[in-house]
Amino acid sequence: MVELTQREKKIVLIKYIIHGNSPFAEAPLETRVQMLQAALKVSGIKYDEAELLDLGEAILAVQQDTNDASIGFLHTNKSLVDRALAMFGKGNDRLSFD
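Keep in mind that what you see is a predicted model, and the values were worked out from it rather than measured.

**Observations concerning the overall build of the chain**
Here's step 1: Scanning the chain from terminus to terminus reveals four helices and zero strands.
Here's step 2: In the chain, the order of α-helices and β-strands from amino to carboxyl end is α-α-α-α.
Here's step 3: Among the 98 residues that make up the chain, the fraction classed as buried is 18%.
Here's step 4: Here the contacts in the chain between residues at least 6 apart in sequence split such that 42% fall between residues at least 24 apart.
Here's step 5: Counting every atom, the chain has about 7500 Å² of accessible surface; 58% of that belongs to carbon and sulfur.

In structure tokens:
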């Protein structure tokens, strides 16, 4: 298995605890920030607040760019959406472009 760098581990923890669909997603942001700090400390990962904020903003930018590109791709390739909906049977109304 690949060993993640300290920076990669920070990114994973930020994504999971702050931005992700984790069991903590409904916790207030202040609580999630404290959980992130605790997780980093327990893992022995050194950090500073500015770095965490920069990484968090960069993660959100990548997510937005990915979402924009994916939606653009799906708009251009509507037949793929139709095929996917047919495979789901009943379908997912959020994926429909009609």
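**Quick look at the confidence of the model for the chain**
Here's step 1: With 90% of its residues at a pLDDT of 70 or more, the chain has an overall mean of 89.
Here's step 2: Per-residue pLDDT, averaged within each element of the chain, yields its smallest value for helix α4 (residues 78-88) (81) and its largest for helix α2 (residues 29-42) (96).

**Some details on a negative patch on the surface**
Here's step 1: Together, D48, E49, D54 and E57 give the surface a local cluster of negative charge.
Here's step 2: Secondary-structure assignment places E49 in helix α3 (residues 49-76).

**A word on a nonpolar patch on the surface**
Here's step 1: On the surface, V2, L4 and V12 cluster together into a nonpolar patch covering about 270 Å² of accessible area.
Here's step 2: For V2, the position within the fold is in the segment before α1 (6-19).
Here's step 3: Classification of V2 by relative accessible area gives exposed; the value is 67%.

**Digging into the nonpolar core**
Here's step 1: L13, I14, I17, I18, L36, A39, L40, I45, L52, L55 and I59 together form the largest nonpolar core, which totals eleven residues.
Here's step 2: When contributions to this core are tallied by element, the ones reaching two or more residues are α1, α2 and α3.
Here's step 3: Ranked by the residues each element gives to this core, the list is headed by α1, at four residues.
Here's step 4: Leaving out residues up to four positions away in the same chain, L36 has contacts with L13, I14, I17, I18 and L52.

**Description of the side chain of S22**
Here's step 1: With respect to the helices, strands and loops of the structure, S22 is situated in the loop between α1 and α2.
Here's step 2: Looking at S22, its side chain comes within polar contact range of the main-chain oxygen of Y16, at 3.2 Å.
Here's step 3: Apart from residues lying up to four places away in sequence, S22 is in contact with Y16 and I17.

Conventions we followed
- Residues numbered from 1 in each chain as written.
- Predicted model: local features only at pLDDT ≥ 70, side-chain atom pairs only at ≥ 80, totals over all residues.
- Heavy atoms only, no water.
- Helix = DSSP H or I, 4+ residues; strand = E, 2+ residues; numbered from the N terminus.
- Buried < 20%, exposed > 50% of the residue type's maximum accessible area, 1.4 Å probe, protein only.
- Contact = heavy atoms within 4.5 Å.
- Areas by Shrake-Rupley, 256 points an atom, 1.4 Å probe, with all protein chains shown as cover.
- pLDDT = per-residue confidence, 0-100.
- Patch = residues over 30% accessible without salt bridge, like charges linked within 9 Å, V, L, I, M, F, W, Y side chains within 5 Å.
- Salt bridge = Lys/Arg side-chain N within 4 Å of Asp/Glu carboxyl O.
- Lys, Arg positive; Asp, Glu negative; His and termini not counted.
- Charge placed at Lys NZ, Arg CZ, Asp CG, Glu CD.
- Core = buried A, V, L, I, M, F, W, Y, C linked by side-chain atoms within 4.5 Å.
- Polar contact = N/O pair within 3.5 Å; in protein donor to acceptor, adjacent residues only side chain to side chain.

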